[in-house]
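Coordinate inspection notes
Read off the chains here:
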Amino acid sequence: MSDDPSPAEGTNPDPRSGDDSGAEELTHTTDEGEVQMVDVGDKPDSERRAVAAGEIRLQPSTIEAIRDDEIGKGDVLATARIGAVQAVKHTWETIPMCHQIPITNVDTAFELGKDRVECEVAVETTGKTGCEMEALEGVTTGLNVVWDMVKAVEKDDEGQYPDTGIENVRVLAKEKRTD
């Protein structure tokens, strides 16, 4: 049971309801319900950082092939790093309501486990809006690149991927520094 007070009888806590009960309004829709980009023009610039992570589950033999640089397409993790950085820089082109923001830094980290590759992407910007979507795009694209690089050795005899899966994609941290 929550300690939060219940809404008064007859009020609707749903922010889409249009009531003035103090609930935060949705900012990506007009009063008529049409989709719109949020206007951040009046917000001050601030330093922002977001970190996201995820993993791709693979066969242990595939992990060994990555570790030993025996994947026919080339260096899996170097290629995944490039893909992750490219995705961060192009997030505004693939997520419809994201603003194009100035990326000041991208750090990528990949770690090989027994049966998975873990990916972490940290993104920094100085601007009017956060960069968590950019970090998430970096992670998901980095993991997709790993999948693309190893798909020939991950397929079973029927051409399927029973042991392969991208999992646990999440935002680990979101920071905003103001003066």
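Described in the following lines is the structure provided in the data block. (Residues numbered from 1 in each chain as written. Predicted model: local features only at pLDDT ≥ 70, side-chain atom pairs only at ≥ 80, totals over all residues. Heavy atoms only, no water.)

**So, the packing of aromatic side chains**
Any two aromatic rings considered together are summarised by their centre-to-centre distance and by the angle between their planes. Applying the stated criterion across every chain, the model contains one aromatic pair. Between the aromatic rings of W147 and Y161, the centroid separation amounts to 5.5 Å while the plane-to-plane angle is 75°, which identifies the pairing as edge-to-face. Here W147, found in helix α4 (residues 132-154), pairs with Y161, found in the loop between α4 and β4 (165-177); they are 14 residues apart in sequence, far enough to count as distant. When its relative accessible area of 22% is taken as the criterion, W147 is described as partly exposed. What makes Y161 partly exposed here is its relative accessible area of 27%. (Phe/Tyr/Trp six-rings, centres within 6.5 Å; stacked < 30°, edge-to-face > 60°. Helix = DSSP H or I, 4+ residues; strand = E, 2+ residues; numbered from the N terminus. Buried < 20%, exposed > 50% of the residue type's maximum accessible area, 1.4 Å probe, protein only.)

**Observations concerning the pattern of salt bridges**
For the structure on display, the rule yields twelve salt bridges. Among the ionic pairs, E167 bridges to R57, the shortest N-O distance being 2.1 Å. Taken together, the residues E167 in strand β4 and R57 in strand β1 (residues 46-57) connect sequence positions 110 residues apart. According to the relative accessible area criterion, E167 is partly exposed, its value standing at 27%. Its relative accessible area of 24% is what places R57 among the partly exposed residues. Taking the shortest distance from any N to any O, the salt bridge between R116 and D115 comes out at 3.1 Å. A residue is classified by how much of its surface remains accessible, and R116, at 19% relative accessible area, is buried. Each of E47, R49, E124, E175 and R177 takes part in salt bridges that share partners, so that together they form one network. (Salt bridge = Lys/Arg side-chain N within 4 Å of Asp/Glu carboxyl O.)

Purely geometric numbers; function is a separate question.
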